[in-house]
Amino acid sequence: MDYETIIGLEVHAQLLTRSKIFCVCSATFGGEPNTQTCPVCTGQPGSLPVLNVKAVEFALKMALACHCTISTFSLFARKNYFYPDLPKGYQISQYEYPLAKDGYVEIPVDGKHKRIGIIRIHMEEDAGKLIHEGSFESSTWSLVDFNRTGVPLIEIVSGPDIRSADEAGVYLRSLRDILRYLEICDGDMEKGSFRCDANVSIRPKGQSDFGTRTELKNMNSFRHVERALEHEIRRQVALVEAGEEVVQETRLWDEEQERTLSMRGKEEAHDYRYFPDPDLVPLDVSEAWVDDIRKTLPELPAEKRKRFVDQYGIPEYDAGILTTSRSLADYYEECVKLSGEPKMVSNWIMGDLLRELKKDDREIEQCPVLPKHLASMLKMIKDGVISGKIAKTVFEEIYLSGKAPEKIVQEKGLIQVTDMDEIQGVIRRILEENPKLVEDYKKGKEQLLGFFVGQVMKATRGKANPKLVNELLRKNLSKE
Ligand SMILES: [Zn+2]
């Protein structure tokens, strides 16, 4: 039987505000444990929370970028549960009245655009961080760091619109790109500032009712998410095929063992005894404020992608890669402006440049190749000053030294030989040195032409213009 996969994702994104959501403690990542705390975020009696307006502004930016309807009235609620990383015994979140609802994010799927619905975006505070000795199962002690307690989060809840592990990966990367464009979250999954839980179920193709879903947690990278989902889908299909039932529960992804483990039965909303937080007034967002924020939104990845395709005539695939970050897109546009070669620039960035950066674990911001240098190198290729092959060497050298390509070409004597006489001289010599092969060629072994071309290129250390070499060789060989 054929099955259809239904995935919905809940993403938590830490907002890059300077202070926490309800107190003035620093929200910066990486401080000495328990140095960024106060009575409010450690939940001491008599302390009162005060909402950070910057956190609301950031949340609104994301809500607008996801085409959500903004609620003029929203409410903070207490989500009650006990856990050692939660000093108050409840988390301040939003429940019945979230900040924003009913939006969507457009993602590229099989060359088309697919809309993934956003059910809601709400604000909440992060919990502290537990550090277990050894593995979670065998740990004999744990430490708690309250620096993270009260760091502002938004939770972005997608609709059940995702149909495969791959699609989940594309959606997640799109969300991360939007957050980074807005400069409201660093999107770092490994650091935990961008986290994802997944609801997964399967159903026979054609059935409209949903199957029983499980919730997956503990996935710390995009790769983990995709692998955990693939694994969970296979596990559910195997259960159903064997005539067993999928149990509604929360499962942890174990990357080392490549399996999911049952953690607990899935809790229901009523387990949390939500009620409005009496310490916080309702959040009243005016339309004027929303309009002001809307004006500050940058061009977002999906718009930029479309514009790149229209304006530069590059394939959708290229545009997708070039718009993953604002800085990369800016870099691309600067190079195109200087060179007038949109596709050539795209090829060099997607190939050589991104490969080198990845090798050195660098971001485009730390790229040693200035746009003007890449542009002038492309001009040298176009003008026939250097061959495409030599350009690879020149590029590597620009990357290593940051020098201008003209200087590198001059210093290393890499200028392409287009002088007919010079090439002719080399060809003569090579043909004279290989009389037997010349004989074979004339008898019809035409594939030997490649060998001769190779020899000439070698003798000129790759600097001869290959087109010219081909032409001249044919002429010479037919003459003899
Ligand atoms: Zn605090």
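Up top you'll find the structure we're talking about.
Residues numbered from 1 in each chain as written. Predicted model: local features only at pLDDT ≥ 70, side-chain atom pairs only at ≥ 80, totals over all residues. Heavy atoms only, no water.

Draft legend 1. Spatial organisation of helix α7 (residues 326–339). With 14 residues, α7 extends 20 Å from end C-alpha to end C-alpha; this agrees with the ideal 20 Å at 1.5 Å per step. All of the buried residues along α7 are Leu328, Ala329, Tyr331, Tyr332, Glu333, Cys335, Val336 and Ser339. Buried residues along α7 sit against α2 (165–181), α5 (301–312), α6 (316–322), α8 (342–359) and α9 (371–382). Following α7 by one or two positions, glycine 340 has its phi on the positive side, about 70 degrees. (Helix = DSSP H or I, 4+ residues; strand = E, 2+ residues; numbered from the N terminus. Expected span 1.5 Å × (residues − 1). Buried < 20%, exposed > 50% of the residue type's maximum accessible area, 1.4 Å probe, protein only. Contact = heavy atoms within 4.5 Å.)

Draft legend 2. Molecular detail of the coordination of the zinc ion. The protein atoms donating to the zinc ion are Cys23 (SG), Cys25 (SG), Cys38 (SG) and Cys41 (SG), with metal-donor distances spanning 2.3 to 2.4 Å. Taken together, the four donor atoms coordinating the zinc ion span angles of 101 to 114 degrees at the metal, a pattern that classifies the geometry as tetrahedral. In primary sequence terms, the donor set of the zinc ion follows C-x1-C-x12-C-x2-C. Neither residue differs from the other here; cysteine 23 and cysteine 25 are each classed as buried. (Donors = N, O, S within 2.8 Å, 3.2 Å for Na, K, Ca; no water. Tetrahedral: all angles 85-135°; square planar, octahedral: opposite > 155°, others 65-115°.)

Draft legend 3. Representation of the packing of aromatic side chains in the model. One pass over the full model with this rule turns up eleven aromatic pairs. Measuring from ring centre to ring centre gives 5.3 Å for phenylalanine 308 and tyrosine 312, while their planes differ by 70 degrees; the resulting arrangement is edge-to-face. Note that phenylalanine 308 and tyrosine 312 are positioned in helix α5 at a spacing of four residues, about one turn of the helix. Both residues of the pair, phenylalanine 308 and tyrosine 312, belong to the buried class. With a centroid separation of 5.5 Å and an interplanar angle of 40 degrees, the aromatic rings of tryptophan 348 and phenylalanine 395 are classed as tilted. Separated by 47 residues along the polypeptide, tryptophan 348 in helix α8 and phenylalanine 395 in helix α10 (residues 388–401) bring together distant segments of the chain. Each member of the pair, tryptophan 348 together with phenylalanine 395, is buried. Among the aromatic residues, ring-to-ring pairing joins Tyr81, Tyr95, Tyr272 and Tyr274 into one connected group. Across the ring face of tyrosine 272, the terminal group of lysine 79 is positioned such that the distance to the ring centre comes to 4.5 Å. The ring of tryptophan 348 has lysine 392 sitting right over it, with the charged end atom 5.0 Å from the ring centre. (Phe/Tyr/Trp six-rings, centres within 6.5 Å; stacked < 30°, edge-to-face > 60°. Lys NZ or Arg CZ within 6 Å of the ring centre and 35° of its normal.)

Draft legend 4. A look at a nonpolar patch on the surface. On the surface, Ile131, Trp141 and Leu143 cluster together to form a nonpolar patch covering roughly 300 Å² of accessible area. Along the chain, isoleucine 131 turns up in strand β8 (residues 129–132). (Patch = residues over 30% accessible without salt bridge, like charges linked within 9 Å, V, L, I, M, F, W, Y side chains within 5 Å. Areas by Shrake-Rupley, 256 points an atom, 1.4 Å probe, with all protein chains shown as cover. Salt bridge = Lys/Arg side-chain N within 4 Å of Asp/Glu carboxyl O.)

Draft legend 5. Examining the sheet that holds strand β4 (residues 76–80) more closely. The strand order across the open sheet formed by three strands is β5-β4-β15, and the pairing between neighbours is antiparallel. The open sheet has two free edges, formed respectively by β5 (90–94) and β15 (275–276), since each of these has just one partner strand. Bridging between β4 and β15 involves two bridges; their strand directions are antiparallel. Residue pairing in the sheet places arginine 78 in a bridge with phenylalanine 275 of β15. (Pairing = 2+ DSSP bridges.)

Draft legend 6. Broad picture of a negative patch on the surface. Together, Asp360, Asp361, Glu363 and Glu365 line one region of the surface with negative charge. Mapped onto the elements of the fold, aspartate 361 is located in the loop between α8 and α9. (Lys, Arg positive; Asp, Glu negative; His and termini not counted. Charge placed at Lys NZ, Arg CZ, Asp CG, Glu CD.)

Draft legend 7. Spatial organisation of unusual backbone geometry. A positive phi angle is found at histidine 67, which is not glycine, with a value near 55 degrees. In this fold, histidine 67 is placed in the loop between α1 (53–65) and β2 (69–70). Even without being glycine, arginine 273 reaches a positive phi, approximately 45 degrees. Inspection of the secondary structure puts arginine 273 in the loop between β14 (259–265) and β15. Given a relative accessible area of 58%, arginine 273 falls into the exposed group.

Draft legend 8. The nonpolar core, seen in detail. Among the nonpolar cores identified, the biggest contains 104 residues, and Met62, Ile121, Met123, Ile154, Tyr171 and Met377 are the most heavily contacted of them. Per element, the largest residue contribution to this core is nine residues, and it comes from α1. In contact with tyrosine 171, not counting residues within four places along its chain, are Leu9, Val105, Ile107, Ile116, Ile118, Ile156, Ser158 and Ile162. Membership of the second largest hydrophobic core comes to 19 residues, among which are Ile430, Val438, Phe452 and Met457. (Core = buried A, V, L, I, M, F, W, Y, C linked by side-chain atoms within 4.5 Å.)

Scope: geometric values only; no functional claims are made or implied.
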